[in-house]
Amino acid sequence: MNIKKDYIEKTKEYLIDLRKKINRKNMLNEEIKILKSRQSLNGGIDFSELDIKSSPGTRDISDLIITCDTKITSKEAQIDRIDHDLRMYELYSRDLESIAKNIIDLRYLKNKKLKSFAKIAKEVKYSKSSVANKHDEAIETLAYYIYGETAI
């Protein structure tokens, strides 16, 4: 395949962005845990039974709890979008050779920073040049699957 160079770069950026989304998903899950622990502090108290009254223009503690629910829902929606992006990547990458997919995952998705071809080569027990070649072929294939005919 003769993939345009800018689509090869876009595909690499796509994979780097996907790694950031994976990191973001982990952060969102931690934030949800914190929000849920805050939410459980009320212990299931019905605030209307406490006879806490506030002025019509002010906020009371029940508004704070509703805000926590809204934040949790918002973060869960963000996680759903990230999960969708990850499923799309899995769809795009399913036709790659297993070694090529492993190289792409090791280089872009399983580490916070790009992993060098030399380190990947040691891990997968291939030569550095083989790893680089398989990487380039996989990137071209992904570019075609992601961007279609316009990438050629």
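Undergrad: Would you take a moment to explain the overall build of the chain for this structure?
TA: Scanning the chain from terminus to terminus reveals 5 helices and 0 strands. Going from N to C terminus, the chain has its helices and strands arranged as α-α-α-α-α. Within the chain, the fraction of its 152 residues that count as buried is 36%. Contacts spanning at least 24 positions in sequence make up 72% of the contacts within the chain whose residues lie at least 6 apart. Here the chain has roughly 10000 Å² of accessible surface; of this, 52% comes from carbon and sulfur atoms.

Undergrad: I'm lost on the packing of helix 3 (residues 98-109) against helix 4 (residues 117-124) in this one. Help?
TA: Packed helix pairs are characterised by how far apart their axes lie and by the angle those axes make with each other. One can describe the packing of helix 3 onto helix 4 by two numbers: an axis separation of 10 Å at closest approach and a directional angle of 130 degrees. One finds that helix 3 runs oblique with respect to helix 4. Two packed elements cross with a definite hand, and for helix 3 against helix 4 that hand is right-handed. Taking contact as the criterion, the partners of Ile99, Asn102, Ile103, Leu106 and Arg107 in helix 3 are, on helix 4, Phe117, Ile120, Glu123 and Val124. Its residues assigned to classes, the contact of helix 3 with helix 4 comprises 6 nonpolar, 1 polar and 2 charged.

Undergrad: Just checking my understanding: could you explain helix 3 for this structure?
TA: One turn of an α-helix holds 3.6 residues; hence residues three or four places apart share an orientation. With 10 of its 12 residues buried, helix 3 lies for the most part within the structure. Here helix 3 has its buried residues at Ile99, Ala100, Lys101, Ile103, Ile104, Asp105, Leu106, Arg107, Tyr108 and Leu109.

Undergrad: Could you clarify how one ought to interpret the pattern of salt bridges in this entry?
TA: Pairs may arise between side chains of opposite charge once their charged atoms sit close together. Under the criterion given, the structure shown has 11 salt bridges. Note that aspartate 83 and lysine 25 form a salt bridge whose closest N and O atoms lie 2.5 Å from each other. Here the residue aspartate 83 occupies a position in helix 2 (residues 61-93), and lysine 25 occupies one in helix 1 (residues 5-39), the gap between them amounting to 58 residues. A salt bridge links glutamate 90 to lysine 101, with the nearest nitrogen and oxygen atoms 3.5 Å apart. One end of the pair, glutamate 90, is in helix 2; the other, lysine 101, is in helix 3, and 11 residues separate them in sequence. Connected through salt bridges with shared partners, the residues Arg24, Glu31 and Lys75 form a single ionic network.

Undergrad: Would you take a moment to explain helix 4 for this structure?
TA: Among the residues of helix 4, Phe117, Ile120, Ala121 and Val124 are the ones counted as buried. Projected down its long axis, helix 4 carries its buried residues within an arc of 105 degrees, all on one side. Facing away from the buried side of helix 4 by over 90 degrees, the exposed positions are Lys119 and Lys122. On its buried face, helix 4 sits against helix 3 and helix 5 (128-147).

Undergrad: Just to check I follow, could you spell out the side chain of arginine 19 for this structure?
TA: As for its position among the elements, arginine 19 is in helix 1. Here arginine 19 occupies a buried position and makes no salt bridge, while the nearest side chain of opposite charge, aspartate 105, is found at 9.2 Å. Filtering out sequence-adjacent residues up to four positions away, arginine 19 remains in contact with Tyr108, Leu109, Lys110, Asn111 and Lys112.

Undergrad: Any chance you could explain the nonpolar core here in plain terms?
TA: Buried together is how nonpolar side chains tend to be arranged in soluble globular proteins. Counting residues in each nonpolar core, the largest one holds 28 residues, and the members touching the most others are Tyr14, Leu15, Tyr89, Ile104 and Leu142. Elements supplying a minimum of two residues to this core: helix 1, helix 2, helix 3 and helix 5. The element best represented in this core is helix 1, accounting for 9 residues. The contacts of leucine 15, once residues within four sequence positions are left out, are Tyr89, Ile104, Tyr108, Leu109, Ile139 and Leu142.

Conventions and cut-offs
Residues numbered from 1 in each chain as written. Predicted model: local features only at pLDDT ≥ 70, side-chain atom pairs only at ≥ 80, totals over all residues. Heavy atoms only, no water. Helix = DSSP H or I, 4+ residues; strand = E, 2+ residues; numbered from the N terminus. Buried < 20%, exposed > 50% of the residue type's maximum accessible area, 1.4 Å probe, protein only. Contact = heavy atoms within 4.5 Å. Areas by Shrake-Rupley, 256 points an atom, 1.4 Å probe, with all protein chains shown as cover. Axes fitted to C-alpha atoms, helices over the stretch in contact; angles between N-to-C directions. Parallel < 35°, antiparallel > 145°, perpendicular 65-115°, else oblique. Left-handed = near helix turned anticlockwise from the far one by under 90°. Nonpolar A, V, L, I, M, F, W, Y, C, P; charged D, E, K, R; others polar. Salt bridge = Lys/Arg side-chain N within 4 Å of Asp/Glu carboxyl O. Arc of directions from axis to C-beta. Lys, Arg positive; Asp, Glu negative; His and termini not counted. Core = buried A, V, L, I, M, F, W, Y, C linked by side-chain atoms within 4.5 Å.

That's the geometry; what it means functionally is another story.
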